[in-house]
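# Examining the three-dimensional arrangement
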Amino acid sequence: MRTSQPKTIYLSEYRVPDFLVDHADLRFELFEDGARVHSSLSIRRNPEAHGQGSPLELNGDSLQLQSVHLDGRELAKDEYEDRSDLLVVPSVPDAFELRVVTWIEPQNNTRLEGLYKSSGMFCTQCEAEGFRCITFFPDRPDVMARFRTRIEADKAAYPVLLSNGNPVDSGELDNGRHFVTWEDPFPKPSYLFALVAGALVEKNDTFRTMSGREIDLRIYVEPRNADKTAHAMDSLKRSMRWDEETYGREYDLDIFMIVAVDDFNMGAMENKGLNIFNSSCVLARPESETDMAFQRIEAIVAHEYFHNWSGNRVTCRDWFQLSLKEGFTVFRDSQFSADMGSPTVKRIEDATLLRTAQFAEDAGPMAHPVRPASYMEISNFYTLTIYEKGNEVVRMIHTLLGPELFRKGSDLYFERHDGQAVTTDDFVRAMEDASGRDLSQFRLWYEQAGTPVLTVEDDYDEASQTYRLTVAQSIPDTPGQTGKKPQHIPFALGLLAANGTDIPLTLAGEHSAGVTTRVLELTEKSHTFEFTGIASRPVPSLLRNFSAPVRVNYPWTRDQLMFLMSHDSDGFNRWDAGQRLAVEVIRELSGHAEAEVDPRLVEASRTLLNDRDADQALVAKMLQLPTEAYLIELADKPDVQIIHHARERVVKVLATALREELLDCYRRQQPAEPYQVTPEDVASRSLRNMALSWLLHIGDEGALSLALGQFESATNMTDQAGALRALVNSPFEAERGRALEAFYQRWHQDPQVVEQWFSIQAASPVTGDLPSVRRLLEHEAFDWKNPNKIRSVVGAFAGQNLVHFHDQEGSGYRFLADTIRRLDDSNPQIAARLAAPLTRWRKFAPVYSEGMRKALESVRDKDGLSRDVYEIVHKSLA
Ligand code: PHE
Ligand code: ZN
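Residues numbered from 1 in each chain as written. Chains lettered and ligands numbered in written order. Predicted model: local features only at pLDDT ≥ 70, side-chain atom pairs only at ≥ 80, totals over all residues.

## A word on the sheet that holds strand β7 (residues 81–83)
Taken in spatial order, the three strands line up as β4-β8-β7 in an open sheet, and their pairing is antiparallel. With partners counted over all chains shown, the strands left at the sheet margins are β4 (56–59) and β7, one partner each. Across the sheet, the axes of successive neighbouring strands diverge by a mean angle of 15 degrees, strand direction being ignored. In terms of strand pairing, β7 meets strand β8 (residues 86–89) through three bridges, oriented antiparallel. By the bridge assignment for β8, E81 is matched with V88. (Pairing = 2+ DSSP bridges. Helix = DSSP H or I, 4+ residues; strand = E, 2+ residues; numbered from the N terminus. Axes fitted to C-alpha atoms, helices over the stretch in contact; angles between N-to-C directions.)

As structure tokens, this is what we get:
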């Protein structure tokens with residue numbers, strides 16, 4: 001807690017550590033009123049450090065120091081300095097053993113960093129700087145130690161005691177206590193340390209690796225969740241196999257464990273051999289979780305597992321390199337998900353998230369490069385830019401090198417840096433060395449923030465049968481960065497002939513190779529490409545498969561967009577053409593209440609609904625209108641209320657005009673039992689629930705009885721929640737209330753389902769007005785200490801319920817500010833994350849931005865603001 005300005009940390013000030021830790025021998029005595037941590041570290045001076053003779057400094061946070069021993073001798077109080085965040089021992093030899101005993105209070109730890117309690121069990125979260133809340137340690141990722149961990153606790157209350165690596169000892173102690181000792185043979189940074197103690201049940205399986213080793217797989221959950229582990233276990237085995245086949249990476253310990261905990265700030269954590277997951281990112285069964293949850297779980301299980309190589313075996317030198325592990329691992333998990341399902345749909349989903357949320361971040365006050373140059377609080381840098389733009393940057397290397405050279409590059413990277421803590425530059429260098437390609441300009445993607453804008457102009461000359469395309473790039477200024485250099489951008493494109501087929505692409509001076517999609521490499525401010533042998537004016541299909549994280553401006557006519565929607569051989573661009581068309585149509589209505597909805601959008605949607613031969617997964621995506629958040633992102637000084645109402649009108653017009661087709665679609669899309677999460681079945685359920693929600697939106701009585709029937713008889717949560725959401729957003733007030741009540745009665749014992757119930761209401765323009773949202777906060781199932789509950793009510797309201805959050809009187813903003821101030825004391829990470837919507841205040845029309853700014857100022861003026869919230873609020877107001 002502070003009132004003064006927190007310190008800024010700069011990448012340019014990086015120095016190698018003065019001391020290294022070879023072994024960390026830990027002993028935890030766990031009690032109900034606290035925990036005693038005995039740490040014994042074998043430390044030596046780093047031969048590569050400059051400051052030989054410098055004092056030993058260990059990080060700490062909220063620790064009660066009990067004793068310090070150096071080489072077996074207890075130090076007197078004047079032989080060390082116990083500052084609140086640092087333990088300093090001024091004079092130490094070149095190599096020594098340091099024993100430190102600290103006392104901590106996990107039961108009072110509401111920040112959920114370090115060692116804390118979640119529904120009765122002990123668990124840890126150490127990334128990024130949580131280990132220092134457990135004991136004094138050089139808590140930085142370039143200090144890698146071998147850990148040995150002994151856990152002691154009451155045997156009845158905590159029968160399961162887990163840590164990283166392999167169990168090497170266990171036994172009984174006095175007073176009904178017991179212990180287990182774990183040893184991790186792999187040196188690791190402290191952020192990968194983990195410990196769990198609780199009354200958990202264990203679900204087992206095995207996996208035989210490519211070299212024939214048998215790995216013991218275990219998922220630990222509370223007994224009530226014993227029937228929710230199968231999907232995660234399957235996902236884990238698929239991930240292990242995929243990483244062997246795709247990257248040649250084999251698992252390295254004999255045991256791999258996953259633990260589910262209810263109270264968790266993030267999604268999941270890749271601790272060595274002992275991944276800890278937010279319950280909502282690992283537990284599922286068809287009756288209580290949706291398709292979306294199943295897909296998310298598969299991706300996150302894979303993500304954390306893949307970190308074992310991209311993150312753990314090769315880790316980050318410092319936290320500026322965070323995207324080294326996160327961007328690369330998101331890229332790996334997205335390749336995996338694409339392979340397990342529909343690659344086009346996965347690409348659409350990734351691009352949607354990027355264009356809606358990361359582009360917004362990159363255009364706002366918190367914009368930062370994929371490799372940031374400075375930060376105040378590292379927890380604030382687990383961002384869409386580090387993760388999602390970082391993924392895109394790795395994907396572009398993959399595109400530029402092609403799959404074989406990329407694999408050579410990743411092999412070299414893992415081999416060269418195994419056991420090391422390295423930088424994004426080391427990653428790029430491995431890719432260069434393996435491929436022979438020069439990526440020096442490409443490195444700007446790591447250094448420059450902001451979303452590049454490509455402006456495309458074209459011109460067709462019938463006489464010479466040439467088509468000329470000029471592509472200019474510019475990168476907007478971002479905080480602290482102006483006058484940016486052009487970046488190296490892989491720009492995939494195709495050209496469509498009037499009959500809808502792809503034209504072979506031959507650049508002037510080349511021989512025709514017959515390829516119809518080409519990746520042009522943009523490196524200059526502007527390029528002109530001349531295609532020859534083009535018989536008539538083509539329609540360009542630009543940035544195929546979203547080959548770079550950029551915005552593209554090109555003046556397609558609506559007829560051209562319709563044409564691309566039905567003919568483009570690139571599925572992504574077929575979808576994107578539809579999005580562009582819908583954006584234009586909605587825009588045209590904005591502020592013009594009487595304007596007509598362009599009938600071309602209605603007809604395009606009708607064609608899609610009737611097209612039974614098309615890939616239904618793509619059709620389901622194409623029928624989804626751009627979200628309000630995306631429309632706002634695209635707009636200049638958006639008026640949220642106007643955008644909301646324009647979009648609503650389009651939904652109503654579509655639903656009314658397509659009533660028959662929607663009913664027909666609803667009847668037709670009935671996936672067979674048993675429930676499966678295949679792309680086909682997911683698409684079917686998604687189409688069916690979309691049809692239902694559109695029809696209920698216009699108060700269709702026939703659809704009402706379909707919805708009630710589906711709500712009653714659904715055997716999976718996708719359909720049950722789909723019906724509930726449609727009812728909630730319908731004008732049928734009595735049915736809506738009854739359904740919400742029945743749903744809660746049925747599911748109140750399942751916290752994950754209750755979270756869905758909260759978020760359906762809080763995100764709804766119908767039931768999510770501010771007074772109702774406040775009532776949800778008073779509900780018996782709401783819990784201010786549980787991040788998932790906060791996200792499902794406050795997060796859903798501020799992030800998805802834009803019409804109520806952006807109430808023009810500012811009540812939504814004040815509510816969010818109050819919530820942030822309240823949470824800042826108990827859980828600063830969650831408080832800081834909730835502030836994101838307010839940080840974009842400058843973007844909005846004045847009726848909104850004034851209120852947003854005032855709300856931010858009211859947070860800024862709170863006494864004792866955490867470093868987390870301080871950084872976000874001050875940077876946003878600067
Ligand atoms: N490293 C985790 C992941 O992306 C995310 C995380 C960060 C979890 C910080 C907890 C704390 O896989
Ligand atoms: Zn990760």
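Next comes the rest of the description.
## A closer look at the UniProt feature "domain: Peptidase M1 membrane alanine aminopeptidase" (unreviewed entry) in the chain
Mapped onto the present numbering, the UniProt feature "domain: Peptidase M1 membrane alanine aminopeptidase" (unreviewed entry) falls on residues 232–442. For residues 232–442, helix accounts for 55% and strand for 9%, while the C-alpha atoms at its two ends are 37 Å apart. (UniProt positions renumbered as here; feature names shortened; annotations may be inferred.)

## Notes on the site of ligand 1
Surrounding ligand 1, one finds Q125, E127, A128, M266, A268, M269, E270, H303, E304, H307, E326 and Y382. Taken together, the elements giving at least two residues each to the shell around ligand 1 come down to β20 (268–269) and α2 (291–306). Per-class residue counts for the shell around ligand 1 are five nonpolar, three polar and four charged. (Near = placed C-beta within 6 Å. Nonpolar A, V, L, I, M, F, W, Y, C, P; charged D, E, K, R; others polar.)

## Let's talk about the sheet that holds strand β10 (residues 114–118)
The strand order across the open sheet formed by four strands is β10-β11-β16-β13, and the pairing between neighbours is antiparallel. Each edge of the sheet is formed by a strand with only one pairing partner; in this case those strands are β10 and β13 (160–163). Pairwise comparison of adjacent strand axes, ignoring direction, gives a mean angle of 20 degrees for this sheet. Sheet topology places β10 next to strand β11 (residues 121–125); five bridges connect them, and they run antiparallel. Counted as the bridge partner of L115 is T124 from β11.

## Description of unusual backbone geometry
In this structure, A128 follows E127 across a cis peptide bond, with omega equal to -5 degrees. Its place among the elements puts A128 in the loop between β11 and β12 (146–154). Cis peptide bonds are those with omega within 30 degrees of zero, and the linkage from E673 to P674 qualifies with -5 degrees. The backbone of Q465 sits at a positive phi, close to 55 degrees, despite the residue not being glycine. As for its position among the elements, Q465 is in the loop between β25 (453–461) and β26 (466–474). Not every positive phi belongs to a glycine, and K637 is a case in point at roughly 50 degrees.

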